[in-house]
Amino acid sequence: MERVVLVTGASSGVGLALCRRLLEEDGRIHLCIACRNVQKSEATRDLILATHPAARVSTVEVDLGNLVSVLRVARELRCRFQRLDFVYLNAGIMPNPHVNFKALWHGLLTGKVLHMLTTAEGIMTQTDRLNGDGLQEVFATNLFGHFILVRQLECLLCGNEKPSRLIWTSSSNARESAFSLSDYQHAKGQESYSSSKYATDLTSVVLNRKFNKQGLYSSVVCPGLVMSNMTYRILPVFLWKLLMPIMWLIRFFAKTYTLTPYNGAEAHVWLFKQKPEHLDALVKYHSCTSGLGKSYVEPRKVNGAAAFCCRGLG
Ligand SMILES: NC(=O)C1=CN([C@@H]2O[C@H](COP(=O)(O)OP(=O)(O)OC[C@H]3O[C@@H](n4cnc5c(N)ncnc54)[C@H](OP(=O)(O)O)[C@@H]3O)[C@@H](O)[C@H]2O)C=CC1
Ligand SMILES: CC(C)CCC[C@@H](C)[C@H]1CC[C@H]2C3=C(CC[C@]12C)[C@@]1(C)CCC(=O)C[C@@H]1CC3
């Protein structure tokens, strides 16, 4: 039976590399790519078919930051498919990023620089805004739109012969201290990205508690630091190109410097090949690349997830 795989944010970066890598793993899957509009969907489909001409690739359009669009695409998917085997919840934004180089310099003097360079803790802020639904844009796009999509697709995901899988693209920037239940949309702070990714980690834990019995399993992955449209909005492209030799050097000390979307999708592809019953719901799977460029996956506990579970907030 052909497996149906839905990927959001398929038009570029990690999502596009993931689509190609999944087809390399199993050319018989039915890949459904979700992009923001028809032009992007078709351009992405052509790019994928150029390297995998025999692949079965269909398209849907969704703006994850718009609830009407999410409800519409869920309706369309329910009409088109009888089940979904994998849903990669990968689309994400980090608007108006600001890097505090002074703090980075301070980190160099205080020995925290490696932690800063791998998590961006203390050196990165964003300015968020309200979207058309009156929600904080980062929360709405990175988490809430995807969450509503999952809930709307329950009938395609639960109670199937084989378990179905949700795989969320989180981040090493996900941080417990950036997230607060009393301000879960992060309207008050300047770390909306970090907050949305931590909320994603917790959501996955809670979804496992609720849906494992019905054959639906959720995992979170971190692609590491990847050169993509998202990072090209942080510093100018020419600067990143100049910094590349330094980043290859940093990679000898920081294995999460995966740098290419292909390497960044390592954990996503690894999970595609795992039996979900053998995975730990409290673990985040990190794509890593060694100094010599060999990719592998490293499981790490999600900070605070166990405590969150014990408090029974799910
Ligand atoms: N790059 C990095 O270093 C890291 C990235 N990540 C995460 O990886 C994921 C992929 O990012 P990456 O590949 O790097 O960046 P890209 O910007 O290349 O990819 C983001 C994807 O999300 C899509 N997207 C954004 N907003 C929406 C929306 N409202 N509705 C539908 N689709 C949307 C984009 O579509 P469009 O082309 O239309 O903009 C694009 O396809 C994100 O979740 C990001 O947070 C995590 C850790 C590190
Ligand atoms: C010498 C260079 C490596 C200096 C680059 C400084 C910063 C621009 C970067 C250092 C840590 C990076 C980082 C991210 C963006 C770029 C940095 C802040 C992310 C926030 C990108 C998106 C993520 O999901 C996590 C990344 C963590 C590390």
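About the criteria used
Residues numbered from 1 in each chain as written. Chains lettered and ligands numbered in written order. Predicted model: local features only at pLDDT ≥ 70, side-chain atom pairs only at ≥ 80, totals over all residues. Heavy atoms only, no water. UniProt positions renumbered as here; feature names shortened; annotations may be inferred. Near = heavy atom within 4 Å. Polar contact = N/O pair within 3.5 Å; in protein donor to acceptor, adjacent residues only side chain to side chain. Areas by Shrake-Rupley, 256 points an atom, 1.4 Å probe, with all protein chains shown as cover. Helix = DSSP H or I, 4+ residues; strand = E, 2+ residues; numbered from the N terminus. Nonpolar A, V, L, I, M, F, W, Y, C, P; charged D, E, K, R; others polar. Buried < 20%, exposed > 50% of the residue type's maximum accessible area, 1.4 Å probe, protein only. Pairing = 2+ DSSP bridges. Right-handed = clockwise from strand over helix to strand, strands pointing away. Axes fitted to C-alpha atoms, helices over the stretch in contact; angles between N-to-C directions. Contact = heavy atoms within 4.5 Å. Disulfide = S-S within 2.5 Å. Parallel < 35°, antiparallel > 145°, perpendicular 65-115°, else oblique. Left-handed = near helix turned anticlockwise from the far one by under 90°. Salt bridge = Lys/Arg side-chain N within 4 Å of Asp/Glu carboxyl O.

The chain carries the name 3-keto-steroid reductase/17-beta-hydroxysteroid dehydrogenase 7 in an unreviewed UniProt entry, which gives Accipiter nisus as its organism. Of the chain, the UniProt comment under Subunit (unreviewed entry) reads exactly: "Binds to the short form of prolactin receptor." One UniProt comment on the chain, placed under Subcellular location (unreviewed entry), says "Endoplasmic reticulum membrane".

Caption draft 1: Region of interest: the site of ligand 1. In the region of ligand 1, 30 residues are neighbours, and Ser11, Ser12, Arg36, Tyr193 and Ser228 sit closest. In the model, an oxygen atom of ligand 1 is placed 2.7 Å from a nitrogen or oxygen of the Arg36 side chain. Surface burial for ligand 1 is 95%, taken as the share of its 890 Å² of free accessible area covered by protein chains. Elements supplying a minimum of two residues to the shell around ligand 1: helix H1 (13-25), helix H8 (192-211) and helix H9 (229-232). Broken down by element, the residue count for the shell around ligand 1 peaks at three residues, all from H9. The residue inventory of the shell around ligand 1, partitioned by class, reads eleven nonpolar, 15 polar and four charged.

Caption draft 2: Structural detail: the pairing of strand S8 (residues 216-222). Most of S8 is tucked away, with seven of its seven residues classed as buried. Taking every second residue as pointing to the same face, both faces of S8 are buried, with Leu216, Ser218, Val220 and Cys222 on one and Tyr217, Ser219 and Val221 on the other. The pairing of strand S7 (residues 164-169) with S8 spans six bridges and is classified as parallel. In the sheet register, Thr169 faces S8, and the bridge partner there is Val221. Each parallel crossover has a hand, and the one from S7 via H8 to S8 is right-handed. Where S8 and strand S9 (residues 283-289) come together, three bridges link them in parallel fashion. Bridging across to S9, Val221 finds its partner in Tyr285.

Caption draft 3: How the structure looks around the sheet that holds strand S3 (residues 56-61). With respect to topology, eight strands assemble into an open sheet ordered S3-S2-S1-S4-S7-S8-S9-S10, the strand pairing being mixed. Lying at the two open borders of the sheet, with one neighbouring strand each, are S3 and strand S10 (295-301). In this sheet, neighbouring strand axes are inclined to one another by 25° on average, regardless of whether the strands run parallel or antiparallel. Sheet strands touched by helix H2 (residues 38-51): strand S2 (30-35) and S3. Its angle to S3, the strand with the most contacts, is close to 165°.

Caption draft 4: Structural detail: the state of the cysteines. Applying the stated criterion to the full structure yields zero disulfides. As a non-bridged cysteine, Cys19 has Cys35 as the owner of its nearest cysteine sulfur, 7.8 Å distant. For Cys19, a relative accessible area of 0% corresponds to the buried category. Owing to a relative accessible area of 3%, Cys35 belongs among the buried residues under this scheme.

Caption draft 5: Region of interest: the site of ligand 2. Looking at ligand 2, there are 19 residues lining it, with Leu117, Met124, Ser171, Tyr193 and Ile234 nearest. Here an oxygen atom of ligand 2 sits 2.6 Å away from a polar atom, N or O, in the side chain of Tyr193. If ligand 2 stood free it would expose 590 Å²; the protein chains cover 93% of that surface. If you tally residues by element for the shell around ligand 2, the top one is helix H5 (residues 113-119), at four residues.

Caption draft 6: Spotlight on the packing of helix H6 (residues 137-152) against H8. Orientation of H6 relative to H8, taken along the N-to-C sense of each, is 15°, at an axis distance of 8 Å. Taken together, the axes of H6 and H8 lie roughly parallel to each other. Helix-helix and strand crossings are classified by hand; for H6 and H8 the assignment is right-handed. Across from Val138, Phe139, Asn142, Leu143, Phe147 and Arg151 in H6, the residues of H8 making contact are Ser192, Tyr193, Ser196, Lys197, Ala199, Thr200, Thr203, Leu207, Lys210 and Phe211. The class makeup of the residues in the contact of H6 with H8 is eight nonpolar, five polar and three charged.

Caption draft 7: Molecular detail of the pattern of salt bridges. Following the criterion strictly, the structure yields 16 salt bridges and no others. With its nearest N and O atoms 3.2 Å apart, the salt bridge here joins Asp26 to Arg28. Each of Arg3, Asp26 and Arg28 takes part in salt bridges that share partners, so that together they form one network.

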